[in-house]
Amino acid sequence: MSRYRYPPIPESEVTPWELFEQRRRFLKRGAALAVAAAAPGLLFTPPARAWQATLARQLEGELPSRSLADGEALTDVKDATTYNNFYEFGTRKSDPEVYAHRLVTAPWSVAIEGEVEKAGTFALEDVLAGQDLEERIYRLRCVEAWSMVIPWIGFPLAELLKRHAPTSRARYVVFESILDPDNLRGQRRSIIEWPYREALRIDEAMHPLTLMAVGMYGERMPNQNGAPIRLVVPWKYGFKSIKSVVKIRLVEEQPTTSWIDQNPEEYGFYANVNPEVDHPRWSQARERRIGENGRRETLMFNGYADEVAELYAGMDLNKHF
Amino acid sequence: MPDASQRILAFRLLVLLAGSLPAVWLAWQWYFGDLGAVPAEAVVHFTGRTGLILLLVTIAFSPAFRLTGWVGIMIARRQIGLWAFFWLVAHMLAWMGLDQFWDWPWIRREMVDLPYIRYGAAALLLLVPLALTSFRRMQKAMGYTAWHWLHRLVYVAAALGVTHLWILTRADYRMPMLFAAALAVLTVFRVGDALLGGKRDA
């Protein structure tokens, strides 16, 4: 398999060094000023580092890369960044790319709470610190019967959860996306209940395939794909892979999700990719691979049955769809 | 000053030109690759929406004529109706060819299994006799009363088309609601007109 070449970034889009430096200086001075103005106690704590700097360092050099898409060709990065479902920006596939600049990602923090011993709200740079990033090439199958192959960059969700020491009562993990109707035009209409909520069973969350992704195609995550940090669960329909995560809550009882609340007949808790269980209104047996003509057969658990089928042993997947 | 028939012909040509604009737009977008990541899907959506919009416009012509009395509306009606039919046939062909890649077993299976495909197919089927009898000679041969009764099928076809769109919509019902509301208003007008206006036909 030939190595994927990242499309070159045109010279015109590169920020001139002077501007970049100016901005750094401006930020540093601003930070210094803020520190000086703050209470004397603050002078002894270092100014907050932006997560962008932490991530930029982590993205330097060659990351370990694993393809878990059977060598299938990567989706064109242009398609992967212009054909998106991210209703916070609007319901058309082109809306997220058009309105993505309105998403405010700095500063960013993630609240980790509920059934964990180390609960709190953590700056993204602290969430990222110490995590070994890697590239994972996964198929992504949308419930709307289209699919892509994406080279994500991230780390296993399990690594994050372990740090916060889930208690024995932690049986489910609930995720919440950002809520910011001032900037996210889609949230001004209640198409679904905002903020967007998703959830996994704890064993699904701890599974080594389950990623917290902070980048794709070698770069940090574009806003329209769920910047700065999102979930990726490759054997489930795409809507499970919640974007722009601000809260992770561990709970004892099975929670509901935004899509279940929107239409419980059509969206179940598990939402595992399954060609044999159709969506009530359309078939799930085949999928359109973006960039290809015709249709592909959809694979059980999106092709990850060997890794995850045992999680659902003995369950009636027609009932637990 | 050109005589009346010449002016009508010129007007018809103008409508023809205007009616072909969506096709020009679509061809332009296709040619320059502006239809996004999934051009096939964009074409299927565009043809379907344009067809349904024009179908509702055709239905709106009769009340518009009643309100304004401008005869141009009635001269343009058949053409716009035929454009609607053209776009809906294009919609079906785009779905079969661009979307399903002429995979006949699957096309058949989807037509059997999926209600929204059935509603869409039924709508198009109902429009076939309307398109075939849209010419003045047919209108005369059938007699006006029979012709008008037959052409009321356009309301049924439009309702099936809106249902088709409604079923396949995911979460955001703004567009199908707009279409449904427009059709409801037009239907109320039609029924109200028939009840109040007696035997007048339009």
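Residues numbered from 1 in each chain as written. Chains lettered and ligands numbered in written order. Predicted model: local features only at pLDDT ≥ 70, side-chain atom pairs only at ≥ 80, totals over all residues. Heavy atoms only, no water.

1. Observations regarding the pairing of strand 11 (residues 245-251) of chain A
Residues and elements named next belong to chain A. Here strand 2 (residues 109-114) pairs with strand 11 via 4 bridges, running parallel. Note on strand 11: the bridge partner recorded for Ile-112 is Ile-248. As judged from the 6 bridges shared by strand 6 (residues 172-177) and strand 11, these two strands associate in the antiparallel manner. Residue pairing for strand 11: Ser-177 is matched across the bridge by Val-245. (Pairing = 2+ DSSP bridges. Helix = DSSP H or I, 4+ residues; strand = E, 2+ residues; numbered from the N terminus.)

2. Notes on the UniProt feature "binding site: Mo-molybdopterin" (unreviewed entry) in chain A
Residue and element names in this part refer to chain A. Taking the numbering used here, the UniProt-annotated feature "binding site: Mo-molybdopterin" (unreviewed entry) corresponds to Asn-84, Tyr-87, Glu-88, Cys-142, Ser-177, Asn-225, Arg-230, Ser-241, Ile-242 and Lys-243. Checking the annotated residues one by one, the ones that line the largest cavity turn out to be Asn-84, Tyr-87, Glu-88, Cys-142, Ser-177, Asn-225, Arg-230, Ser-241, Ile-242 and Lys-243. Along the chain, Asn-225 falls in the loop between strand 9 (219-220) and strand 10 (230-232). Contacts of Asn-225, omitting those with residues within four sequence positions, involve Ala-80, Thr-81, Asn-84, Met-216, Arg-230 and Lys-243. Side-chain polar atoms of Asn-225 contact the backbone oxygen of Ala-80, separated by 2.9 Å. Assignment of secondary structure puts Ser-241 in the loop between strand 10 and strand 11. If we ignore the near neighbours within four places in the chain, the residues touching Ser-241 are Arg-230, Leu-231, Val-232 and Val-233. (UniProt positions renumbered as here; feature names shortened; annotations may be inferred. 1 Å grid on protein atoms, 1.4 Å probe; cavity = no way out; pocket = protein on both sides within 12 Å on 5 of 7 lines; lining within 4 Å. Contact = heavy atoms within 4.5 Å. Polar contact = N/O pair within 3.5 Å; in protein donor to acceptor, adjacent residues only side chain to side chain.)

3. Description of the UniProt feature "domain: Ferric oxidoreductase" (unreviewed entry) in chain B
Within this numbering scheme, the UniProt entry marks residues 47-162 of chain B as carrying the feature "domain: Ferric oxidoreductase" (unreviewed entry). The span residues 47-162 of chain B is 90% helical and 0% strand by assignment, and the distance between its end C-alpha atoms comes to 14 Å.

4. Remarks on the interface of chain A and chain B
Taken together, the 24 residues of chain A in the interface contact 22 residues of chain B. Of all residues in chain A, the largest losses of buried area upon contact with chain B belong to Arg-281, Arg-286 and Arg-288 of chain A, amounting jointly to 33% of the total for that side. Counting across the chain A and chain B interface gives 5 salt bridges. Taken together, chain A and chain B are joined by 10 residue pairs in polar contact (both at pLDDT 80 or more). Where the side of chain A that touches chain B is concerned, the elements lending two or more residues are helix 3 (77-82), helix 8 (258-262) and strand 12 (286-289) of chain A. A breakdown of the residues in the side of chain A that touches chain B according to their chemical character gives 10 nonpolar, 7 polar and 7 charged. (Buried area = accessible area lost by both parts, 1.4 Å probe. Salt bridge = Lys/Arg side-chain N within 4 Å of Asp/Glu carboxyl O. Nonpolar A, V, L, I, M, F, W, Y, C, P; charged D, E, K, R; others polar.)

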